[in-house]
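A structural walkthrough
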Amino acid sequence: MSAVDRVINEYQETGSLSKADVEFLLALEDEKDLQKLFALANKVRERFVGSEVHLRGIIEFSNYCSRACLYCGISRYNRHLSRYRMDVEEILQAAKEAVGMGFKTIVLQSGEDPFYSTSTITRLVSEIKAMDVAVTLSVGERRREDYAAWKEAGADRYLLKFETSDPDLYRRLRPGCSMAQRLQCLTYLKDLDYEVGSGIMVGLPGQTLSSMADDILLMRKLQLSMVGIGPFIPHPATPLASAQAGTASLTLKVLAVTRLMLPWANLPSTTALGSVDREGRREGLLAGANVLMLNVTPLKYRRLYEIYPAKAEVEDDPTALKAAAVELVTRLGRRVSSGYGEGRKAVGMES
């Protein structure tokens, strides 16, 4: 029996992987071995979350950010970026148009921008929720009271990526921030009964297969409902401009192993993956993903939400984006979900 077959058999018997086995799978290079990994991830995806693909409409409503993350193009230190903030009515209109196109989840995302008060976001959540959709927020670290207010207003999900679980690397890449605080916010969200999402970038400078294995093990420990995984893409206006980018190949391996370790989770085939590889989103759906995030931000703002360069979909009409997504899903023999895409409960956890 080959080494990869041994690991796969062990996983099928136990529903889990050791850190050493996770590292082993992330290091695979042989094409036949990779296809075994992706086929297993796809089989696990089918068993636990089915063949449906959930389409989410994302509105990037502000590119102001109070943080100084070394990898991010909307860092407060990027003086070359034209900044924007959508007002409440613009955001609600964008949401209304997305709902009219059939989206059943609206994602509100911004930099960590204190301009939007707790009450303003509460109003947005309440009014969008009244459109008969699920609401996901991704606005960074806030007080527990803020998260509680938004949950009470109807927010269903919250996405707060930690990018790396290595505390030293986290501190270097996110000056003034701490891994402990990030985890505290994730705990608040879980205690408030959000469907909690997090995730990582793949290929960050200083990242190793060992640290990525730790990332996946932490995501399993947190019992996340959704996980965003995308390649690191260096931005020319950041301190990491000359760093090597993450690869689609490694990103797909991380995605597939994450599906094995979090079989219940909603996993997007990310825009970043589609930005580094034209077939990236298709390949992601074949490696365990079951979600596509489609940009419904008004076109006049979309190119300015430049967390990384050469971002896919910045010039595409939302209607065309949705039609292309439906066509892709159908071509893969799957179907677009007509529901809200709620997260499943964690299964197979050790006691």
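Look up: the structure comes first, before these words.
Once a new chain begins, its residue numbering starts again from 1 and follows that chain's sequence as written. Residues qualify for local features only when their pLDDT is at least 70, as the model is predicted, and side-chain atom pairs are given and counted only at 80 or more; totals for whole chains, interfaces and linings, by contrast, use all residues. The basis for every side-chain value is the complete set of heavy atoms in the structure, and neither hydrogens nor water enter the calculation.

What about the packing of aromatic side chains?
Two rings from Phe, Tyr or Trp (for Trp, the six-membered ring) form a pair when their centres sit within 6.5 Å of each other. Planes less than 30 degrees apart are called stacked, planes more than 60 degrees apart edge-to-face, and all others tilted. All chains considered together, the criterion is met by six aromatic pairs. With centroids separated by 5.0 Å and ring planes inclined at 70 degrees, the aromatic side chains of tyrosine 147 and tyrosine 158 adopt a geometry described as edge-to-face. In this pair, tyrosine 147 sits in helix 6 (residues 144–153) while tyrosine 158 sits in strand 4 (residues 157–159), placing the two residues eleven residues apart along the sequence. Where tyrosine 158 meets tyrosine 194, the ring centres are 6.0 Å apart and the plane angle is 85 degrees; that geometry is what we call edge-to-face. One end of the pair, tyrosine 158, is in strand 4; the other, tyrosine 194, is in the loop between helix 8 (179–191) and strand 5 (195–202), and 36 residues separate them in sequence. An identical accessibility class is assigned to tyrosine 158 and tyrosine 194; each is buried. Clustering of aromatic rings is evident, with ring pairs tying together Tyr147, Trp150, Tyr158 and Tyr194. Ring-over charges, as used throughout, are those where CZ of Arg or NZ of Lys falls within 6 Å of the ring centre and within 35 degrees of the ring normal. Cation over ring: arginine 85 sits above tyrosine 64, and NZ or CZ is 3.7 Å from the ring centre. Over the ring of tyrosine 194 we find lysine 151, and its NZ or CZ is 5.4 Å from the ring centre. Secondary structure elements follow DSSP: runs of H or I of four or more residues count as helices, runs of E of two or more count as strands, with numbering from the N terminus. Here's how the labels work: a residue is buried when its accessible area is under 20% of the maximum for its type, exposed when over 50%, partly exposed in between, all with a 1.4 Å probe on protein chains only.

Some details on the pairing of strand 5
With respect to burial, strand 5 is a largely interior element, eight of its eight residues being buried. Of the two faces of strand 5, the one holding Glu195, Gly197, Gly199 and Met201 and the one holding Val196, Ser198, Ile200 and Val202 are both buried throughout. Note on pairing: two strands pair once DSSP finds at least 2 bridges between them. Sheet analysis places strand 4 next to strand 5, joined by three bridges and oriented parallel. Opposite leucine 159, over in strand 5, you have glycine 197 as the bridge partner. Here a crossover is taken to be right-handed if, once the strands point away from the viewer, the path from the first strand over the helix to the second is traced clockwise. Handedness of the crossover joining strand 5 and strand 6 (residues 226–231) through helix 9 (residues 209–221): right-handed.

Focus: the packing of helix 2 (residues 19–26) against helix 9
When two helices pack together, their arrangement is given by the angle between the helix axes and the distance between those axes. Orientation is described by axes fitted as lines to C-alpha atoms, over the contacting stretch for helices, and by angles from 0 to 180 degrees between their N-to-C directions. In contact at an axis separation of 9 Å, helix 2 and helix 9 are set at 120 degrees when each is read in the N-to-C sense. Between helix 2 and helix 9, the crossing angle belongs to the class labelled oblique. With respect to the hand of their crossing, helix 2 and helix 9 are arranged in right-handed fashion. Where helix 2 approaches helix 9, its residues Lys19, Val22, Glu23 and Leu26 are matched on the opposing element by Leu209, Ser210, Met212, Ala213, Asp214, Ile216 and Leu217. Under the convention adopted here, Pro, Cys and the residues Ala, Val, Leu, Ile, Met, Phe, Trp and Tyr are nonpolar, Asp, Glu, Lys and Arg are charged, and Gly plus all remaining residues are polar. Of the residues contributing to the contact of helix 2 with helix 9, the split by class is seven nonpolar, one polar and three charged. Reported orientations rely on four angle classes, namely roughly parallel under 35 degrees, roughly antiparallel over 145, roughly perpendicular from 65 to 115, and oblique for the rest. Crossing chirality is assigned from the near helix's rotation relative to the far helix, an anticlockwise turn below a right angle marking it left-handed and a clockwise turn marking it right-handed. For this analysis, residues touch if any pair of their heavy atoms sits within 4.5 Å.

Comments concerning unusual backbone geometry
A negative phi angle characterises most non-glycine residues, just as the trans form characterises most peptide bonds. We note that aspartate 132 has phi near 65 degrees; this positive angle belongs to a residue other than glycine. Inspection of the secondary structure puts aspartate 132 in the loop between helix 5 (118–129) and strand 3 (134–138). Taking the relative accessible area as the measure of exposure, aspartate 132 reaches 44% and is therefore partly exposed. Although it is not a glycine, glutamine 223 sits at a positive phi angle of roughly 50 degrees. Its place among the elements puts glutamine 223 in the loop between helix 9 and strand 6. Exposure remark for glutamine 223: the relative accessible area of 32% places this residue in the partly exposed category.

Thoughts on empty space enclosed by the protein
Unfilled space is identified by rolling a water-sized probe across the atoms. Cavities and pockets were defined on a 1 Å grid built from protein atoms only: a cavity is a group of points that admits a 1.4 Å probe but offers it no way out, a pocket is an open group of points flanked by protein on both sides within 12 Å along at least five of seven lines, and a lining residue is one with an atom within 4 Å of any such point. Grid points are joined across faces, edges and corners, and a volume is the space filled by probe spheres set on the points. All chains considered together, the criterion is met by one cavity of 30 Å³ or more. Here the largest cavity is characterised by a volume of approximately 1000 Å³. Lining the largest cavity are 49 residues, with Gln109, Leu159, Lys161, Glu163 and Ile307 positioned closest to its centre. Sorting the residues of the lining of the largest cavity by element identifies strand 1 (52–62), strand 2 (105–110), strand 3, strand 4, strand 6, helix 11 (271–276) and strand 7 (291–295) as the ones contributing at least two each.

Some thoughts on the environment of leucine 124
If you trace the backbone, leucine 124 turns up in helix 5. Accessibility expressed as a relative area gives 0% for leucine 124, which makes it buried. A sequence separation of 130 residues divides leucine 124 from valine 254, and the C-alpha atoms of the two residues are 34 Å apart.

Quick word on the pattern of salt bridges
In what follows, salt bridge is the name for a side-chain nitrogen of Lys or Arg lying within 4 Å of a carboxyl oxygen of Asp or Glu. Summed over all chains, the structure comprises 28 salt bridges. Ionic pairing is found between glutamate 127 and arginine 123, a salt bridge with its closest N-O pair at 2.8 Å. With glutamate 127 and arginine 123 both in helix 5 and four residues apart, the pair spans about one turn of that helix. Judged by its relative accessible area of 33%, glutamate 127 is partly exposed. Glutamate 327 serves as the salt-bridge partner of arginine 331, at 3.1 Å between the closest nitrogen and oxygen. Here glutamate 327 and arginine 331 lie together in helix 14 (residues 318–331), a separation of four residues that amounts to about one turn. A network of salt bridges, in which partner residues are shared, links Arg67, Glu112, Glu141, Arg174 and Arg182.

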